[in-house]
Amino acid sequence: MNLGLYSYLGAAIAYGFFALLLLFSWRCSLQGKLLTLTAVSSAVWAILAARIASNATDLGGAYLAFEILRYIAWYVFLFKLFDPAVVQGSGYRKFVRWGLPLSVAFAGLLLINDYFTGSGQLALSITGHVFLALIGLAIIEQLFRNTAVRHRWAVKYLFIGAGGIFAFDFYLYADALLFSDIDRELWEARGVINLVAVPLLAIAAARNKNWSLNVFVSRDIGLNTPAIVGGGRDLL
């Protein structure tokens with residue numbers, strides 16, 4: 001049984017169905033549109049991964065491209081969730097003003113590297129993907145830490161779903177960095193993780209149909225990021 005094929009195919013179907021739900025139900029807000037784009041890019045990525053699992057090696061370049069494009073889509077969506085809080089304090093404005101372009105630029109550079117070098121710079125590519133996952137975890141952490149406790153019920157499944165995706169990606173690529181190769185079983189299990197994450201994201205979307213989150217009420221954003229510190233310690 002080809003676990004990778006079925007897990008990624010299931011994830012692709014789940015993301016595709018989720019994107020359709022978002023398209024017809026939550027298209028009014030910018031955040032809703034960005035989440036739809038994230039779901040679509042993730043669906044395409046999962047389809048390509050399923051083809052790779054069935055030995056379609058000619059799609060490796062497209063798979064690597066959408067691997068990073070879905071990260072970029074996640075970054076833009078998650079940073080846009082800070083918009084209501086940007087009005088409240090300069091700490092948020094500085095965080096979004098610098099964090100979003102730097103995160104997207106880093107992902108873009110990695111995309112260019114992967115496209116032009118392929119597997120020629122495997123260690124560099126894997127290291128880059130480790131940091132992509134850490135960036136995602138850091139953004140999720142900031143969202144969680146700066147959400148009022150009484151409002152966390154509305155977005156907790158977003159934290160669990162997206163955080164789980166980034167956490168497993170970090171584990172996958174940290175393991176690959178340690179052993180200089182991607183573990184096939186972990187890579188196949190990644191499809192299952194994404195499949196499980198989709199219902200959690202759907203619940204979060206149902207609770208925030210227009211994503212006008214009046215939940216980020218902390219006066220100053222805490223820029224200490226235990227996610228990055230902890231991840232770096234684990235790598236060492």
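Each remark here, short or long, concerns the structure printed above.
This is a predicted model, so every value here is computed, not measured.

(A) Representation of the overall build of the protein. Secondary structure assignment for the protein yields nine helices and zero strands. Listing every helix and strand of the protein by position from the N terminus yields α-α-α-α-α-α-α-α-α. Counting only residues that meet the buried cut, the protein has 50% of its 236 residues in that class. Within the structure as shown, the protein displays about 11400 Å² of accessible surface, and the carbon and sulfur contribution to it stands at 67%.

(B) Structural context of the environment of Gly164. You can see Gly164 is positioned in helix H7 (residues 152-179). In sequence terms Gly164 and Leu137 are 27 residues apart; their C-alpha atoms lie 8.9 Å from each other. Gly164 has contacts with Phe159 and Ile193, leaving out every residue within four places of it along the chain.

(C) Examining the nonpolar core more closely. Core analysis: the largest hydrophobic core is formed by 66 residues, its most contacted members being Trp74, Leu78 and Leu158. Only helix H1 (3-25), helix H2 (30-53), helix H3 (60-80), helix H5 (90-117), helix H6 (122-145), H7 and helix H8 (184-207) provide two or more residues apiece to this core. Sort the elements by how many residues they give to this core and H7 lands first, with twelve residues. Those residues in contact with Leu78 that lie beyond four places of it in its chain are Ile139, Ile140, Leu143, Leu158 and Phe166.

Cut-offs used in this document
- Residues numbered from 1 in each chain as written.
- Predicted model: local features only at pLDDT ≥ 70, side-chain atom pairs only at ≥ 80, totals over all residues.
- Heavy atoms only, no water.
- Helix = DSSP H or I, 4+ residues; strand = E, 2+ residues; numbered from the N terminus.
- Buried < 20%, exposed > 50% of the residue type's maximum accessible area, 1.4 Å probe, protein only.
- Areas by Shrake-Rupley, 256 points an atom, 1.4 Å probe, with all protein chains shown as cover.
- Contact = heavy atoms within 4.5 Å.
- Core = buried A, V, L, I, M, F, W, Y, C linked by side-chain atoms within 4.5 Å.

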